[in-house]
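# Report on the structure
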Amino acid sequence: MLVTRWRCRKPSGPLTHRTPSDRHLIAIVLSVTHVRFAQGGIVLHDGRLSAGAVQISRAGSESAASFDAPCDVLHLHVPQHLVAQQYEQARGTACVPASLFEDNGFFLDPEIERLGNALLTAHMETAIGSLYAEALTRAIVTRILARESIACVGSATAHDKRNRLPKWRLHRAVDFIEANLALPIQLDEISASAGLTKMHFATQFRQSTGLSPHAYVTRRRIRKAKALLTQSQFNILEVAQCCGFATHAHFSSVFKKATGYSPSQWRLQFNGPRTSMSAPAASPGELLALHELNE
């Protein structure tokens, strides 16, 4: 078992990591942060993460994270044989189902957060401390296996997958949104770009991305605003207008709700060495596994 910790006092990234072919990686967020996290080139999360958020990476996967705020993340590098051993004890078979690692997004689990914080206090240089740390890591793995058991009870997930947008329709919708972030965007315009009615489009878009069309548009506008705020030649009102907000007050309200900072506070605290004048564009496929944390 290997335990590592990422701690940074200011925005940083991108940080990249390839999980070894014989280990799974369990990431436990210990403090509130803002992150853009991608795996295999697909963005899984772009925004605020609460303490207690957990993410599991399958063996052999590639991940990249860019933090827009200070972060503190605990990583457990768990051997596959340990997962199989725990699963065999619980299920009577060492064949761990692939479904355990299908959803690579973040989920909230206060119990895993508590166990992770306890692990930080373990004195691993002593024999007793090592045993204590091993017991905690096994408890975390067991907790994750318990989640898998609950998830298998119903068929809601399979139903949701059947109701997702086809990739080509999702690509068209994403491209339309990215091209019109500075303008008012109506739901019927987005749905028309994908060739669907508003009613069918909104439901399938949420199933595909975890976000409503309105929430996704807001997310992309805020990300663009973050990038523009690093450019001193833009005042706050100009940033607001470039990102599709009609007034300074509306922009400030939405921005603070999404980030916890006013635009001026963000500019003072997170103004970095970036040189790009526009936000990173979303690739057409980056939404396919995007999940909104339920807080």
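These numbers come from a predicted model, not from an experiment.

A word on the overall build of the chain. Along the chain, the regular secondary structure elements total 11 helices and nine strands. Looking at the 295 residues of the chain, the share that counts as buried comes to 44%. Taking as baseline every contact in the chain between residues at least 6 positions apart, the subset at least 24 positions apart corresponds to 75%.

Taken in spatial order, the five strands line up as 1-8-3-6-9 in an open sheet, and their pairing is antiparallel. In the strand order of this sheet, the two ends are held by strand 1 (2–8) and strand 9 (107–108), each with one partner. For strand 3 (residues 23–29) and strand 8 (residues 71–79), the ladder comprises seven bridges, and the chain directions are antiparallel. Opposite V29, over in strand 8, you have V73 as the bridge partner. Sitting on the sheet, helix 2 (residues 110–120) touches strand 1, strand 3, strand 6 (53–57), strand 8 and strand 9, and the angle it makes with strand 8 is about 90 degrees.

For the structure on display, the rule yields seven aromatic pairs. Ring plane angle 40 degrees and centroid distance 5.4 Å describe the contact between F201 and F205, whose orientation is recorded as tilted. Within this pair, F201 and its partner F205 are both found in helix 7 (residues 198–209), separated by four residues, close to a single helical turn.

Our focus in this paragraph is the packing of helix 5 (residues 167–179) against helix 8 (residues 213–228). Running from N to C, helix 5 and helix 8 point in directions that differ by 45 degrees, and their axes come no closer than 10 Å. With respect to helix 8, the axis of helix 5 lies oblique. In the packing of helix 5 onto helix 8, the handedness of the crossing is right-handed. Together, V174, I177 and E178 of helix 5 and Y216, V217 and R220 of helix 8 make up the contact between the two elements.

Next up on the list: the packing of helix 8 against helix 10 (residues 248–259). Taken N-terminus to C-terminus, the directions of helix 8 and helix 10 make an angle of 95 degrees; their axes are 11 Å apart at the nearest point. On the basis of their axis angle, the class for helix 8 and helix 10 is roughly perpendicular. Residues T218, I222, A225 and K226 of helix 8 touch helix 10, and the partners they reach there are F251, V254, F255, A258 and T259. Across the contact of helix 8 with helix 10, the residue classes tally to six nonpolar, two polar and one charged.

For T33, the location among the structural elements is in strand 4 (residues 33–39). Here the alpha-carbon distance between T33 and V73, two residues 40 residues apart in the chain, equals 9.6 Å. Leaving out residues up to four positions away in the same chain, T33 has contacts with G47, R48, L49, F67, A69, P70 and C71. Looking at T33, its side chain comes within polar contact range of the main-chain oxygen of P70, at 2.9 Å.

Calculation notes
- Residues numbered from 1 in each chain as written.
- Predicted model: local features only at pLDDT ≥ 70, side-chain atom pairs only at ≥ 80, totals over all residues.
- Heavy atoms only, no water.
- Helix = DSSP H or I, 4+ residues; strand = E, 2+ residues; numbered from the N terminus.
- Buried < 20%, exposed > 50% of the residue type's maximum accessible area, 1.4 Å probe, protein only.
- Contact = heavy atoms within 4.5 Å.
- Pairing = 2+ DSSP bridges.
- Axes fitted to C-alpha atoms, helices over the stretch in contact; angles between N-to-C directions.
- Phe/Tyr/Trp six-rings, centres within 6.5 Å; stacked < 30°, edge-to-face > 60°.
- Parallel < 35°, antiparallel > 145°, perpendicular 65-115°, else oblique.
- Left-handed = near helix turned anticlockwise from the far one by under 90°.
- Nonpolar A, V, L, I, M, F, W, Y, C, P; charged D, E, K, R; others polar.
- Polar contact = N/O pair within 3.5 Å; in protein donor to acceptor, adjacent residues only side chain to side chain.

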